[in-house]
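# A structural walkthrough
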Number of protein chains: 2
Amino acid sequence: MKFNYYNPTRLIFGNGKVKETVDYIPKNIKKVLIHYGSNRMIDDGTIPEIIKKLKAKKIEYKLLGGVVANPRLQKVKEGIELVKDNDIDFILAIGGGSVIDSAKAISAGYNYDGDIWDIFIGKAKVLEENLLPLGVVLSFPATGSEDSRGSVINNEKTGEKRSIGSDYLRPAFSILDPELTRTLPRRQRFAGIVDMFSHILERYMEDNDDYGSMDYMSEGLMKNIIEMAYILKDDELNIKALEEIMLSSTLAHNGILGLGRVQDWASHNIAHELSALYDSIHGETLSIIFPAWMEYVKDVNPKRFIRLGQKVFDLGEDIAPEDTIEAFRTFLRDINMPIYLEDLKIGEDDIELMADKCTKYNDIGSFKKLNKKDIINIYKIAAKSK
Amino acid sequence: MKFNYYNPTRLIFGNGKVKETVDYIPKNIKKVLIHYGSNRMIDDGTIPEIIKKLKAKKIEYKLLGGVVANPRLQKVKEGIELVKDNDIDFILAIGGGSVIDSAKAISAGYNYDGDIWDIFIGKAKVLEENLLPLGVVLSFPATGSEDSRGSVINNEKTGEKRSIGSDYLRPAFSILDPELTRTLPRRQRFAGIVDMFSHILERYMEDNDDYGSMDYMSEGLMKNIIEMAYILKDDELNIKALEEIMLSSTLAHNGILGLGRVQDWASHNIAHELSALYDSIHGETLSIIFPAWMEYVKDVNPKRFIRLGQKVFDLGEDIAPEDTIEAFRTFLRDINMPIYLEDLKIGEDDIELMADKCTKYNDIGSFKKLNKKDIINIYKIAAKSK
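Just so it is clear, the model here is predicted, and its values are computed rather than measured.

Here is what the cut-offs are and how they apply
Residues numbered from 1 in each chain as written. Chains lettered and ligands numbered in written order. Predicted model: local features only at pLDDT ≥ 70, side-chain atom pairs only at ≥ 80, totals over all residues. Heavy atoms only, no water. Helix = DSSP H or I, 4+ residues; strand = E, 2+ residues; numbered from the N terminus. Buried < 20%, exposed > 50% of the residue type's maximum accessible area, 1.4 Å probe, protein only. Polar contact = N/O pair within 3.5 Å; in protein donor to acceptor, adjacent residues only side chain to side chain. Contact = heavy atoms within 4.5 Å. Buried area = accessible area lost by both parts, 1.4 Å probe. Salt bridge = Lys/Arg side-chain N within 4 Å of Asp/Glu carboxyl O. Nonpolar A, V, L, I, M, F, W, Y, C, P; charged D, E, K, R; others polar. Pairing = 2+ DSSP bridges. Least-squares fit on C-alpha atoms with pLDDT ≥ 70 in both. Axes fitted to C-alpha atoms, helices over the stretch in contact; angles between N-to-C directions. Parallel < 35°, antiparallel > 145°, perpendicular 65-115°, else oblique. Left-handed = near helix turned anticlockwise from the far one by under 90°. pLDDT = per-residue confidence, 0-100. Expected span 1.5 Å × (residues − 1). Core = buried A, V, L, I, M, F, W, Y, C linked by side-chain atoms within 4.5 Å.

To continue, consider the side chain of A:Ser249. Residue and element names in this part refer to chain A. Tracing the backbone through its elements, the reader meets Ser249 in helix H8 (residues 239-253). Residue classification places Ser249 among the buried positions, given a relative accessible area of 0%. From its side chain, Ser249 meets the backbone nitrogen of Ala142 in a polar contact 3.3 Å long. Apart from the residues within four sequence positions on either side, Ser249 is in contact with Pro141, Ala142, Thr143, Gly144, Glu146 and Met196.

Spelled out as structure tokens, the structure:
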């Protein structure tokens, strides 16, 4: 086992904590870019309250909203221009993973001379000593970007969805106020739950029978997410469950459950192609692809599937890998997630194109190394119920 | 649930990683205090190798060894003088929790004008902006100090053992090289395991039936520690288990399993009085006090004891709190830990004195608030087997 873990993000968690946001902006900051998505955070008073406090502290600000799911490169470029033209020295991202990822990309790009996309396709590196500091107010627990080292951006011109990662992209602080998630639309709420659950699975699915602390702790968090999801299914504003889900988003993806692990991430890459092409909701694409990936790779290490079924889905002694996959799909169906492409009315016409793009730079995954043909097979399994 | 979590310690984990230690010392550092305990880290070549690399980088150094278990205030004062007299600008702590705690106290005290003990008894605060940066090479996984915000020091003149805590006392980096624990004496190894296990329990023992992610993840880590302890019992140099135990020390006490929790810490405080008076090994005092504390407080929330028994000690359906306590003592006995004061040849004469000191500033604990009389009762339960 080996790892190098560095995570200096301050997490401020609790109902009502959004009120303290401006207190965490460093004293020397003069001008803030408020980056956000839809008007939800304006309508519920969050952004107006923050602006009032910025004014009281004589901190100037610029607004840049309109970040959409699968955040667009064009918006990132707009943000970079705004930062440069206005001598902005801090970004405050108010929203979910798309807003945070867009903010991280602005932070990584404002001081880079070329096209920011260079960094996403590996032509240039994140300039770790030259990033714009970033604070987060999380409104949508899902991607874990509030405490993660990554950013995923859609290039709407090339139809590519690519990521960058660096410990220095982690936010300076993240406000985790579960009250802010009360107004979240139901479909997003449950897609977010699938996303965080998948982040644990991507780390957990290792071709290994030598279980340790990472396995036990991951199983614990997955089990709790399932329990909380069922509570929210019937009682969508249950505050205990909203708190647990917000915390889980962060714990699932800040790296603490991936210490020393190989990690897979094939399902994320395969799912990303769906979002890139059809602009599908990230958590919904994972809900379709992850079980299909499982079907395709289960023979590599049936024992790990059996353990997952026993420890997370409570399946008891005598089970096969297929039982785990079925239990996973049952859970996803229970929280009204799509589990086949047909559920999103996506056909099979673009499968080859997506598999091609997915392996453009290299084969993917580690549990089983997957080439273009493998990925075509996985999309086909994902296409429709048998 | 609410919390404010900030942990900027870089963790560098892996066999052989000790070789990279000097690479993590910041570039501007001119003179390092190498702080250590016994000669174990000299004899095994660790400190000589580090000195060679410091010399190659033209970084000066001073040596201060001789830190003992239950680290002494006098040694801290010696370190502070050494730092002041030699313009030392970095401390490298090479050892276990005692060495790291001593180094943290030096860091907290070198710039404070008065007596460093003032900070431990609350007469002064840790000067968070004026700390000396600290790097760690961990040789003895137990206290979690390598990634924690605390330091515990013994005042040998007053017979008091007291702690300080601040996020700014967390080390800049910690090298976690499991190979370094191969030469650890058996008694220390297992006392360390009890210590880390207790750190999880102190957070887990909450008067609450509303279980969540912290419970599930804590149960997972405790279960894994027990499994690894049994492996090491028969195969003391099993590298997988040495790795898992080193990681567990860190995860048990870096705060990630205490997010939003009330936390108890009565057992630690009661155990500290034994170390202060008899210089007993910290993990061994916990091994005696924790089960005794459990017996005394179990009726406050029997359900939590039952859950602990089921999830961590695999006790099955129909159990009582007493079964959990018995399983805990069986585990401790199996790894040759003392479970009563008589096992350490400690009598009952000082019980009142210790209870008095333990509640000198206030009653302790949260699962059940304990006064002097309660603590006398717990020491009596701990005295000998029935």
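Moving on from the coordinates now.
Taken residue by residue, the interface counts 40 residues in chain B and 40 residues in chain A. Buried area between chain B and chain A, both sides added, is near 3500 Å², and the carbon and sulfur share of it is 58%. The tally of links from chain B across to chain A stands at 0 salt bridges. Only strand E1 (3-5), strand E2 (10-13), helix H7 (213-234) and helix H8 (239-253) of chain B provide two or more residues apiece to the side of chain B that touches chain A. Residues that form the side of chain B that touches chain A fall into these classes: 21 nonpolar, 9 polar and 10 charged. Where strand E2 (residues 10-13) of chain A and E1(B) come together, 3 bridges link them in antiparallel fashion. In the sheet register, A:Phe13 faces E1(B), and the bridge partner there is B:Phe3.

This part takes up the pattern of salt bridges. Residue and element names in this part refer to chain A. This model, assessed by the stated rule, comprises 62 salt bridges over all chains. Residues Asp356 and Lys372 are paired through a salt bridge, measuring 3.4 Å at the closest nitrogen-oxygen approach. Taken together, the positions of Asp356 in helix H13 (residues 351-358) and Lys372 in helix H14 (residues 372-383) put the pair 16 residues apart, joining distant regions of the chain. Within the structure, one salt-bridge network assembled from shared partners comprises Glu206, Asp215, Arg261 and Arg304.

This part takes up the relation of the copies chain B and chain A. To go from the first copy of the chain to the second, apply a rotation about an axis and then a shift along the same axis. The transform that puts chain B on chain A rotates by 180 degrees and translates by 0.0 Å along the axis, for an RMSD of 0.0 Å. Both copies are brought into coincidence by an operation consistent with a two-fold rotation axis. Mapped onto chain A, 100% of the interface residues of chain B are again interface residues, and the two copies thus contact each other with one and the same surface.

Now for the environment of B:Ala69. All names here are of chain B. You can see Ala69 is positioned in the loop between strand E4 (60-64) and helix H3 (73-86). Judged by its relative accessible area of 46%, Ala69 falls in the partly exposed class. Spatially, the C-alpha atoms of Ala69 and Gly96 are 8.9 Å apart, while their sequence positions differ by 27 residues. Other than its neighbours up to four places away in sequence, Ala69 contacts Ser98 and Asp279.

This part takes up the packing of helix H9 (residues 266-278) of chain A against H13(A). Residue and element names in this part refer to chain A. Two elements in contact, H9 and H13, have axes whose closest approach is 9 Å; the angle formed by their N-to-C orientations is 120 degrees. Of the possible angle classes, the one that applies to H9 and H13 is oblique. The way H9 lies across H13 gives a crossing that is right-handed. Mapping the contact onto sequence places Asn269, Ile270, Glu273, Leu274, Ala276, Leu277 and Tyr278 in H9 and Leu353, Met354, Lys357 and Cys358 in H13. A class-by-class count of the residues in the contact of H9 with H13 yields 8 nonpolar, 1 polar and 2 charged.

All right, on to the sheet that holds strand E5 (residues 90-95) of chain B then. Overall, mixed pairing links the 7 strands, which are arranged E1(A)-E2(B)-E9(B)-E6(B)-E5(B)-E3(B)-E4(B) in an open sheet. The two strands at the open ends of the sheet, each matched to only one other strand, are strand E1 (3-5) of chain A together with E4 of chain B. Put simply, the sheet's adjacent strands are angled 15 degrees from each other on average, direction ignored. As paired strands, strand E3 (residues 31-36) of chain B and E5(B) are joined by 5 bridges and run parallel to one another.

Take the confidence of the model for chain A next. Put simply, chain A has an average pLDDT of 97, and 100% of its residues get 70 or more. Interface confidence in the predicted complex, given as ipTM, is 0.97; pTM for the same model is 0.97.

This part covers helix H10 (residues 282-297) of chain A. With 16 residues, H10(A) should cover 22 Å at 1.5 Å per step; its first-to-last C-alpha distance of 22 Å lies within 8% of that length. Of all 16 residues in H10(A), 14 are buried, a share of seventy percent or more.

A general tendency of soluble globular proteins is for nonpolar side chains to be buried together. Counting residues in each nonpolar core, the largest one holds 212 residues, and the members touching the most others are A:Leu201, A:Trp293, B:Leu201 and B:Trp293. Sequence-distant contacts of A:Leu201, that is, excluding residues within four places in its chain, are made with A:Met222, A:Phe290, A:Met294, A:Leu308 and A:Phe328.

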